[in-house]
Amino acid sequence: MVVVRRRWFETPWEFRESALFTAVALCIGFVIEYATSGSDIALLRLPGNAIALSLFAVLVLSIGLGFRNTPAVKWFGGIPLGLSLIVAIAVLSLIGGILPQEAVISGSLPARLGIHKIFSSWPFALIILLFLANLGLSLSWKLIPFKVQNLQFILFHAGFWIALSCGIFGSSDLQRFVVPVEEGKANNVGYTMDSETPQQLPFSVFLHDFSLEEYSPQLFLYDPHSDKLLMDKSQATIDVRKGTTASWKGVEVLVIEYMPSALPGKDGIPYLADHSKGIPFAKVRISTGSTQREAWISTGSPTLRPDAAQLGNLYLIMVPGAPKSFRSAVTVQDNQGHAVIANLEVNKPVNFMDWKLYQMGYDEKAGRWSKLSLIEVIRDPWLPAVYLGFFMIMAGNILFFWNGIKRQEVAS
Amino acid sequence: MNIDFNTAATLAIACWATGSLLGLFARRAPALKLPGMVLSLAGSMVMAGFIAFYWALLDRPPLRTLGETRLWYAALIPLVGFLVEYRWKIGWLKYYCMALAGFFLGINMLHPEVFDKTLMPALQSPWFIPHVVVYLVGYVLLAASSITALHNVYLQLRSKKNETGESVSHYLALLGFVLLSFGLIFGALWAKEAWGHYWTWDPKETWAFLSWLAYLGYLHAYRYKIDRSKLQWYLALSFIVLLVCWFGVNYLPSAQNSVHTYTQS
Ligand code: HEM
C-alpha cells in the first residue's frame, strides 16, 4: 500500500507543524525563564495592562479579518494549533499539579526553570499568549459575518477569551492582605501572605466581638503510650449528649448528665455558668465487666485543666467539637466618613467601597476564647470582566447541552 | 450505622446481580426481561433510599467525604446505563454500570466511613450542593462514556462495525463536558465567596482544569474529523485523569498545601 504523506511544511499546515511550533515556543519560554533566573515577570498595572490587552485584541481581530484567506493566518487560528497549545497547557498544568508550587532554594536548576511556580513562569505566559492569539483568530472568523447559528461558538470562545485574558492581565491589580484585629481595637494595616511588609489600607477595621460556635464535644478513649485516640466500636464519632452511649472492648460508657457550659465546683460537682466562661461537662457511668463507677469529665479550656477518667492505662476524654461557625462583628471605616457595621463570617464576605472583606481565621490555640480575628481584604478591579466571561461560557454551555440533546434525536 | 450501610449495600448488590442474571437469561426466555429490569432498578432505589436516610441522620447532605460521594455514584451510574438502553437500545452498558456500582459499594464496605456529622464552615454554603452534584453527574456520564469507548475499542479489535456505540460514547462525553464546565465555574464562583479568589491553581483546581482540558481536546479533535474510531482510545483513557482528580490528588506531592483535601475519607 502506498501512503501519500504530506511533506513537512507543505501547505496546508497541520498537526506536525503545530506540534513543532508549540514545542519550540515551550523551549523558548524555558530558555527565557532560565536566562532571567526564574525571577518574576513584571506585569503592567492599570491602566497599562488594560491598554495592552485592548491593543492585543484589536491586533488579533484585525489580522484575523484582514488576512482571513492567508494560509499562515488560517493555520495560526486553526484547530491543529489550538489542540497543540491545549496539550502544552495541559503539560504545564500537569507539572504544576504534581510538583508542589512553593518557594525553593533559588539558584537550583528547577528554580531557574521556574517549575515550582509554573503558572507565573515564562513558558506558561508565552503559551497562554499564543493560545489567546489562536483562539482570537478563530473567533474573528465566526464573529464576522455574524450568524445566529454561531452563537454557541461565540459564547464559549469569547467567554473563555475574556475570562482568561482578564484573569491573567488583571492579576497584577489583585490586592489581598490579611488584617489582624484584636477585640476592642481597630487596625488599618494589612500584611501579604508571603512578605512581612505592612501595607497601609485606605480604611480601618474595628473588632467589636469575635465569636465561635462549636459542634457538640466528643468522647474518645485516649492511649497515652501510642498517643492515639481509639474509635468506638461503631466507627462513629460520639457526640456527647444526655443518654449517649459508647463502647470499646470491654468498656461501656453512658452519659448520665451533660452541661454544655459549666464551671468546676468545690465538691467536684460543676455548676452551670455563662457561655462566655463555661466549658462542657459530662457525668459518665463507666462499666467494665462487673464494676461500675461514675465520673465527671470536661474538655478544659486555655485556663481550665480538662478532667479525664482513667481506665487502667487508658483515659476517657472529652474533646471540644470542631468549629461550626465563627464570626466577627466589625465596623469598617474610611477617612471620608463612610462606615459600615457588619458581621463577617466564612462564606459571607462583606463589600466595602471596592474592597471585599472575609472572615479568614482566629487564634486557633485559644479556639472559642480567641480575642483575635484575622480578616482578609481583597480588591480585584477585573472581577466583573472575568465574571462576564464565566457567564458567557455558562450561556454557551446551556446552548451546547440543548443542541447536544437535540442532535441525539437525529443520531438515533 | 455500619450495619445499616452493609445491609443496604448487600441488598442493592443482590438486586443488581439477580437483575443482571435475569437480563442475560431473558435472551432465551423473554418473559424474564421485565422482572430483570425491575430488580436492577430496585438496586438503585435501595441506594437512593439509603442516601435519603443517611442525609436525615447526618443533618447535612452526605457529599463531604469520598465514601459519601461513592454512594451517589453507586445509585446514579446504573441509571445512566438504563437511560442509554432506553434511548439507544444498547443493552450491554447497564451490566458494566451495575458492576461498577457494586465495586464502589464494595470499597465502602471494606473501608467503613467514620460517621461524622460535622461540616466545616467553608463547606456551609449554598454552592455546596450544586457544585458537588453537577460534578457527580458529570463524572457519572463520563464514566459511562469511558466504558462505552472501551467496549468500542474491544469491538474494533474484533473488527466489528459499531457506529451507534461510537455516537453513544460521544454524546455521553459531550454531556459530561457540559457538566464539568458548570462544575468548574460553580467552583470558581464559590471559591471567590469562601476563599477570596476564584482561581488559585490549588492542586485540586489544577486537576479539575486538566480533566476539563482532556475533554476539551477530545471535542476539538472530534470536530476536526480525526478518525473517530481512534478517538475511542482517547475517551477510554481520559477517565484516568478524572480518577486522579477525584481521589488521586490526595496522594500527590503537590497536595501538601491544598485547601481542598478534606474530602479524604
Ligand atoms: C485553542 C483555541 C481554540 C480553537 C482554535 C477553537 C476552535 C474551535 C472550532 C474551529 C470549533 C468548531 C466550530 C464549528 O464547527 O462550528 C470549535 C468548537 C468548540 N469549541 Fe473551540 N476552540 C478553541 C478553544 C476552546 C475553548 C477554550 C473552549 C471552551 C470554553 C472551546 C469550546 C468549544 C466547544 C464546546 C465546541 C463545540 C464542539 C462541538 O460542536 O462538538 N473551544 N472550537
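Because the structure is predicted, anything quoted here is derived from the model rather than measured.

Bringing the overall build of chain A into the picture now. Looking only at helices and strands, chain A features eight helices and 18 strands. A compact globule built from 412 residues should have a C-alpha radius of gyration of about 22 Å, whereas chain A, at 31 Å, is more than 25% larger. With respect to the principal axes defined by its C-alpha atoms, chain A has extents near 95 × 70 × 55 Å. Here chain A, with 412 residues, has 44% of them falling under the buried criterion. A fraction of 57% describes how many contacts in chain A between residues 6 or more apart in sequence connect residues 24 or more apart. The positive charge centre, built from 34 side chains, and the negative charge centre, built from 32, are 8 Å apart in chain A.

Attention now moves to the interface of chain A and chain B. Counting residues at the interface gives 61 residues for chain A and 57 residues for chain B. Here chain A and chain B share an interface that buries about 5100 Å² over both sides, 67% of which is from carbon and sulfur atoms. Run the count over chain A and chain B and you get one salt bridge. Taking the shortest distance from any N to any O, the salt bridge between Lys356 of chain A and Glu193 of chain B comes out at 3.6 Å. On inspection of chain A and its partner chain B, the count reaches eleven residue pairs in polar contact (both at pLDDT 80 or more). For the side of chain A that touches chain B, the element with the highest residue contribution is helix 8 (residues 383-411) of chain A, accounting for 15 residues.

We now examine the pairing of strand 4 (residues 218-223) of chain A. Residue and element names in this part refer to chain A. Taking burial as the measure, the six residues of strand 4 include five buried ones, the bulk of the element. Across two bridges, strand 4 lies against strand 6 (residues 238-239) in antiparallel orientation. Within strand 6, the position partnered with Leu219 by the bridge is Ile238. Both strand 4 and strand 13 (residues 314-319) contribute to a ladder of five bridges, which runs antiparallel. Note on strand 13: the bridge partner recorded for Phe220 is Ile317. For strand 4 and strand 5 (residues 228-230), the ladder comprises three bridges, and the chain directions are antiparallel. In the sheet register, Leu221 faces strand 5, and the bridge partner there is Leu230.

Before going further, it helps to examine the coordination of the iron atom of the ligand. Under perfect tetrahedral coordination by four donors, a metal shows angles of 109.5 degrees; under perfect octahedral coordination by six donors, it shows angles of 90 or 180 degrees. Surrounding the iron atom of the ligand are the protein donor atoms His157 of chain A (NE2) and His220 of chain B (NE2), which sit 1.9 Å from the metal. For the iron atom of the ligand, the six donor atoms are set out with angles of 88 to 178 degrees between them, so the coordination reads as octahedral. Pair noted here: His157 of chain A is in helix 7 (residues 151-169) and His220 of chain B is in helix 7 (residues 203-223), and the two residues belong to different chains.

Scanning the model with the defined rule gives 41 aromatic pairs over all chains in all. Arranged with centres 6.2 Å apart and planes meeting at 45 degrees, the rings of Phe103 of chain B and Phe104 of chain B form a pair that is tilted. By relative accessible area, Phe103 of chain B is classed as exposed at 52%. For the ring pair Trp199 of chain B and Trp201 of chain B, a centre distance of 5.7 Å and an interplane angle of 90 degrees mean the geometry is edge-to-face. Members of the aromatic cluster, each reached through a chain of ring pairs, are Phe119, Phe124, Phe131, Phe156, Phe160 and Phe400 of chain A together with Phe177, Trp199, Trp201, Phe209 and Trp212 of chain B. Positioned over the ring face of Tyr222 of chain B is Arg228 of chain B, at 3.8 Å from the centre of the ring.

Here the focus is the packing of helix 2 (residues 48-66) of chain A against helix 6 (residues 122-143) of chain A. Residues and elements named next belong to chain A. Relative to each other, helix 2 and helix 6 sit at 50 degrees, their axes nearing to 8 Å. By the criterion of interaxial angle, the relationship of helix 2 to helix 6 is oblique. You can see that helix 2 and helix 6 cross each other, and the crossing is right-handed. Contacts from Phe56, Val60, Leu61, Ile63, Gly64 and Leu65 of helix 2 reach helix 6 at Leu129, Leu132, Ala133, Gly136, Leu137, Ser140 and Trp141. Each residue belonging to the contact of helix 2 with helix 6 can be placed in one class, and the counts come to ten nonpolar, three polar and no charged.

If you check the shell around the ligand, you find 19 residues, and the closest are Asn134, Lys142 and His157 of chain A together with His220 and Arg223 of chain B. Chain contributions to the surroundings of the ligand come from chains A and B. Here a nitrogen atom of the ligand sits 2.7 Å away from a polar atom, N or O, in the side chain of His220 of chain B. Residue assignment for the shell around the ligand shows that the elements contributing at least two residues are helix 4 (79-98), helix 6 and helix 7 of chain A together with helix 7 of chain B. Considering only residue class, the shell around the ligand consists of nine nonpolar, eight polar and two charged.

Do not read the predicted coordinates in detail wherever pLDDT is low. Residues and elements named next belong to chain B. Scored by pLDDT, chain B comes out at a mean of 87, with 94% of its residues at no less than 70. The least confident element of chain B, judged by mean pLDDT, is helix 8 (residues 228-248) at 86; the most confident is helix 7 at 93. Here the predicted complex scores 0.89 on pTM and 0.90 on ipTM.

Parameters and conventions
Residues numbered from 1 in each chain as written. Chains lettered and ligands numbered in written order. Predicted model: local features only at pLDDT ≥ 70, side-chain atom pairs only at ≥ 80, totals over all residues. Heavy atoms only, no water. Helix = DSSP H or I, 4+ residues; strand = E, 2+ residues; numbered from the N terminus. Rg over C-alpha atoms; globule rule 2.2 N^0.38 Å. Buried < 20%, exposed > 50% of the residue type's maximum accessible area, 1.4 Å probe, protein only. Contact = heavy atoms within 4.5 Å. Lys, Arg positive; Asp, Glu negative; His and termini not counted. Charge placed at Lys NZ, Arg CZ, Asp CG, Glu CD. Buried area = accessible area lost by both parts, 1.4 Å probe. Salt bridge = Lys/Arg side-chain N within 4 Å of Asp/Glu carboxyl O. Polar contact = N/O pair within 3.5 Å; in protein donor to acceptor, adjacent residues only side chain to side chain. Pairing = 2+ DSSP bridges. Donors = N, O, S within 2.8 Å, 3.2 Å for Na, K, Ca; no water. Tetrahedral: all angles 85-135°; square planar, octahedral: opposite > 155°, others 65-115°. Phe/Tyr/Trp six-rings, centres within 6.5 Å; stacked < 30°, edge-to-face > 60°. Lys NZ or Arg CZ within 6 Å of the ring centre and 35° of its normal. Axes fitted to C-alpha atoms, helices over the stretch in contact; angles between N-to-C directions. Parallel < 35°, antiparallel > 145°, perpendicular 65-115°, else oblique. Left-handed = near helix turned anticlockwise from the far one by under 90°. Nonpolar A, V, L, I, M, F, W, Y, C, P; charged D, E, K, R; others polar. Near = heavy atom within 4 Å. pLDDT = per-residue confidence, 0-100.

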